[in-house]
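Structural description and commentary
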Amino acid sequence: MNNFRFLHAADLHLDTPFSGMSGVPDRLRAYLRESTFAAFNHLIELAIQEEVDFVVISGDIYDAADSSLRAQLRLREGWDKLGKHGIPVYFIRGNHDPLSSRRLRLALPPHVKEFGAEVESVTAVRRRDGQPVAVVTGISYKTAAVNDNLSLQYHREPDSSLYHIALLHANVDGQEGHDAYAPCSLADLRASGYDYWALGHIHKRQILCEAPWVVYPGNIQGRSLKETGPKGCYIVDVQENGEAELSFQRLEQVVWLEVGLPIDDLDTEEAWKTRVEERLDELREEEPGKITVVRLVFTGRGPLHTLLQSEGETTELLQELRRQESLRLTELDLHADSSLLPQGIVWPASLRAETGTELDREQLLSEDSFLGELLRLGDKASSDEELLGDIAAQALATLEGNRQIRRQLKELWTMDKADLLRRAEEMAATLLAEEPEGRLPS
Ligand SMILES: [Mn+2]
């Protein structure tokens, strides 16, 4: 076998509109809208710089089936750059950009191979000497919803000793949070005889198996607070003995983060505000070349808990932080070439309180008081669903008469029960802790 190197990416979602975000200044919104393209440009630059032999992309290149002309042109620009360096591209279409999408498509240059609606295999070569190095197999989604197990159609070429790469847009083992399209199991993929399953569809990066390689590179640019952390692609080095080494490379322009911030040692509102600003500045330094969009989650227990429970305070602080960041953005614009990305912007998207009231839980659990009794009951109910159901039924009995409330309760009850219990307990404990009577012996 010959050694070679390829780049594996998926879920580019070019031209994602980022329409769901509120309270974002226009300037920042423009950068968000540009971010999927910026990440794509980084991908092209990386492929050239790493001198890969070819690029594989496992579906969802476009965000929308009716891909904008803008997205098509930008994609074409990227392909052309790779073409100038003699780097071929193999790609499939996923549920976001199936073959059925009606909009006129620009013709593909000869070095870009799009797989059709039937499984097909092609041979990829090493650039420097034209030696065949790999069999690349793929199939595109005909329509947005594909419910067949496509993986069963992949068959290793029986007489070939080449490295076998399978491009597939699929949900392996029914992962949550994504449609169960082209459902298949890890066992299906392992049985296929392929060396590397280049997957797409699930946006969270994960390596499901190393022999064979079964890899979701994740999307190249996070698109909401549900897609946090570094985003990018894998550079895969295949050795003569058929062993591969993977290295993850970041590509994202905007990094989405959820950051915890303990309040335990904070006594005043002033100290709280200062801590938040310090944390945002730290993030600014951690990712100087990127835009960071962050959700701060307050954790721990302390005197500030009660304050954080009133939404007014966090909303006001959030607005103030956003105002400061908007000013920074304007200032950067005034002093820099406006075509450049403003450096070190940290946008606070939301503040969330998951704090607890300041109480010594251990002490209270052993205490003969109403609060102690409440916590003991909470602990018991957390491991006894029947008990929890009884308590809830009793407490809610008077509300059952109202049809609308009944419906809402039903919905509430489908949520994570452990979380509901924790919140109820916390709320009750907070209210009781504020009442001196709450601590009296029961
Ligand atoms: Mn996708």
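See the structure printed just above.
The rules behind each value
Residues numbered from 1 in each chain as written. Predicted model: local features only at pLDDT ≥ 70, side-chain atom pairs only at ≥ 80, totals over all residues. Heavy atoms only, no water. Patch = residues over 30% accessible without salt bridge, like charges linked within 9 Å, V, L, I, M, F, W, Y side chains within 5 Å. Areas by Shrake-Rupley, 256 points an atom, 1.4 Å probe, with all protein chains shown as cover. Salt bridge = Lys/Arg side-chain N within 4 Å of Asp/Glu carboxyl O. Lys, Arg positive; Asp, Glu negative; His and termini not counted. Charge placed at Lys NZ, Arg CZ, Asp CG, Glu CD. Helix = DSSP H or I, 4+ residues; strand = E, 2+ residues; numbered from the N terminus. Core = buried A, V, L, I, M, F, W, Y, C linked by side-chain atoms within 4.5 Å. Buried < 20%, exposed > 50% of the residue type's maximum accessible area, 1.4 Å probe, protein only. Contact = heavy atoms within 4.5 Å. Pairing = 2+ DSSP bridges. Axes fitted to C-alpha atoms, helices over the stretch in contact; angles between N-to-C directions. Right-handed = clockwise from strand over helix to strand, strands pointing away. Donors = N, O, S within 2.8 Å, 3.2 Å for Na, K, Ca; no water. Phe/Tyr/Trp six-rings, centres within 6.5 Å; stacked < 30°, edge-to-face > 60°. Lys NZ or Arg CZ within 6 Å of the ring centre and 35° of its normal.

1. What to know about a positive patch on the surface
- A cluster of basic residues, Arg403, Arg406, Arg407 and Lys410, forms a positive patch at the surface.
- Tracing the sequence through the fold places Lys410 in helix α10 (residues 403-412).

2. Thoughts on the nonpolar core
- The biggest cluster of nonpolar side chains holds 28 residues, and the ones touching the most others in it are Leu7, Leu12, Leu14, Val55, Ile61 and Trp79.
- Among the elements of the structure, β1 (4-9), α1 (26-49), β2 (54-58), α2 (69-84), β3 (89-92) and β11 (232-238) are those that each provide at least two residues to this core.
- Per-element accounting of this core gives the leading share, seven residues, to α1.
- Those residues within four positions of Val55 in sequence are excluded, and the remaining contacts are Leu7, Ala47, Leu82, Ile87, Pro88, Val89 and Tyr90.
- Of all hydrophobic cores here, the second largest spans 24 residues; its members include Val56, Ile92, Ala134 and Ala198.

3. So, unusual backbone geometry
- Note that the residue after Ala211, namely Pro212, is joined by a cis bond; omega there is 0°.
- Tracing the backbone shows Pro212 in the loop between β9 (206-210) and β10 (213-216).
- The residue Glu51 is not glycine, and still its phi comes out positive at about 50°.
- Of note, Glu51 is situated in the loop between α1 and β2.
- Under the relative-accessibility criterion, Glu51 is labelled exposed at 57%.
- Backbone geometry at Asp173 places phi at a positive 60°, although glycine is not the residue there.
- As for its position among the elements, Asp173 is in the loop between β7 (163-169) and α3 (186-191).

4. Things to note about the environment of Thr306
- Along the chain, Thr306 falls in helix α5 (residues 305-309).
- According to the relative accessible area criterion, Thr306 is partly exposed, its value standing at 37%.
- Put simply, Thr306 and Pro110 are 196 residues apart on the chain and 64 Å apart in space, counted from C-alpha to C-alpha.

5. Focus on the sheet that holds strand β5 (residues 120-125)
- Read from one edge to the other, the open sheet built from six strands follows the order β5-β6-β7-β8-β10-β9, with strand pairing classed as mixed. Either end of the sheet is taken by a strand with one partner, and the two such strands are β5 and β9. With strand direction ignored, the average angle separating the axes of adjacent strands in the sheet is 20°.
- Bridging between strand β8 (residues 196-200) and β10 involves three bridges; their strand directions are parallel. Residue pairing across strands places Trp197 opposite Val214, the latter belonging to β10.

6. Considerations on the pairing of β8
- Along β8, five of the five residues are buried, which leaves the element largely enclosed by surrounding structure.
- Burial of β8 is two-sided: the residues Tyr196, Ala198 and Gly200 facing one way and the residues Trp197 and Leu199 facing the other way are all buried.
- Both β7 and β8 contribute to a ladder of five bridges, which runs parallel. Counterpart to His169 in the pairing with β8 is Gly200.
- Traced from β7 through α3 to β8, the parallel crossover comes out right-handed.

7. Some thoughts on the coordination of the manganese ion
- Looking at the metal site, the manganese ion is ligated by Asp11 (OD), His13 (NE2), Asp60 (OD) and His203 (NE2), spaced 2.1 to 2.4 Å from it.
- The motif formed by the donor residues of the manganese ion, counted along the single chain, is D-x1-H-x46-D-x142-H. Pair noted here: His13 is in the loop between β1 and α1 and Asp60 is in the loop between β2 and α2, with a separation of 47 residues, a long-range link.
- Among the residues examined, His13 registers a relative accessible area of 0% and is labelled buried.

8. Comments concerning the pairing of β9
- The pairing of β9 with β10 spans four bridges and is classified as antiparallel. Bridging from a neighbouring strand, Cys209 pairs with Val214 of β10.

9. A look at the packing of aromatic side chains
- Enumeration over the complete set of coordinates arrives at 15 aromatic pairs.
- Ring geometry for Phe54 versus Tyr90: centroids 5.6 Å apart, planes at 85°, classification edge-to-face. With a gap of 36 residues between them, Phe54 in strand β2 and Tyr90 in strand β3 connect regions that are remote in the sequence. Across the pair, exposure class does not vary: Phe54 and Tyr90 are buried alike.
- Ring centres of Tyr194 and Trp197 lie 5.5 Å apart, and the angle between their planes is 50°; this geometry places the pair in the tilted category.
- Pairwise contacts between aromatic rings join Phe4, Phe6, Phe54, Tyr90, Tyr163 and Tyr196 into one cluster.
- Seen from the ring of Phe37, Arg74 lies directly overhead, with NZ or CZ sitting 4.4 Å from the centre.
- For Lys113, the ring lying beneath its charged end belongs to Phe115, and the centroid distance is 5.4 Å.

10. What to know about the sheet that holds β1
- Across the sheet, which stays open at both edges, the six strands sit in the order β4-β3-β2-β1-β11-β12 with mixed pairing between neighbours. Both outer strands of the open sheet, β4 (112-114) and β12 (244-250), are each paired with one neighbouring strand and no more. The mean inter-strand angle of the sheet, taken between neighbouring strand axes irrespective of direction, is 20°.
- Two strands pair when backbone bridges link them, and β11 and β12 are joined in this way by seven bridges, in the antiparallel orientation. Across the sheet, the residue bridging to Gly232 is Arg250, located in β12.
- In the packing of α1 onto the sheet, the strands contacted are β1, β2, β11 and β12, and the crossing angle to β1 comes to about 175°.
- Sheet contacts for α2: β2, β3 and β4; angle to β3, the most-contacted strand, approximately 150°.

Limitation: the analysis is restricted to geometry and does not speak to function.
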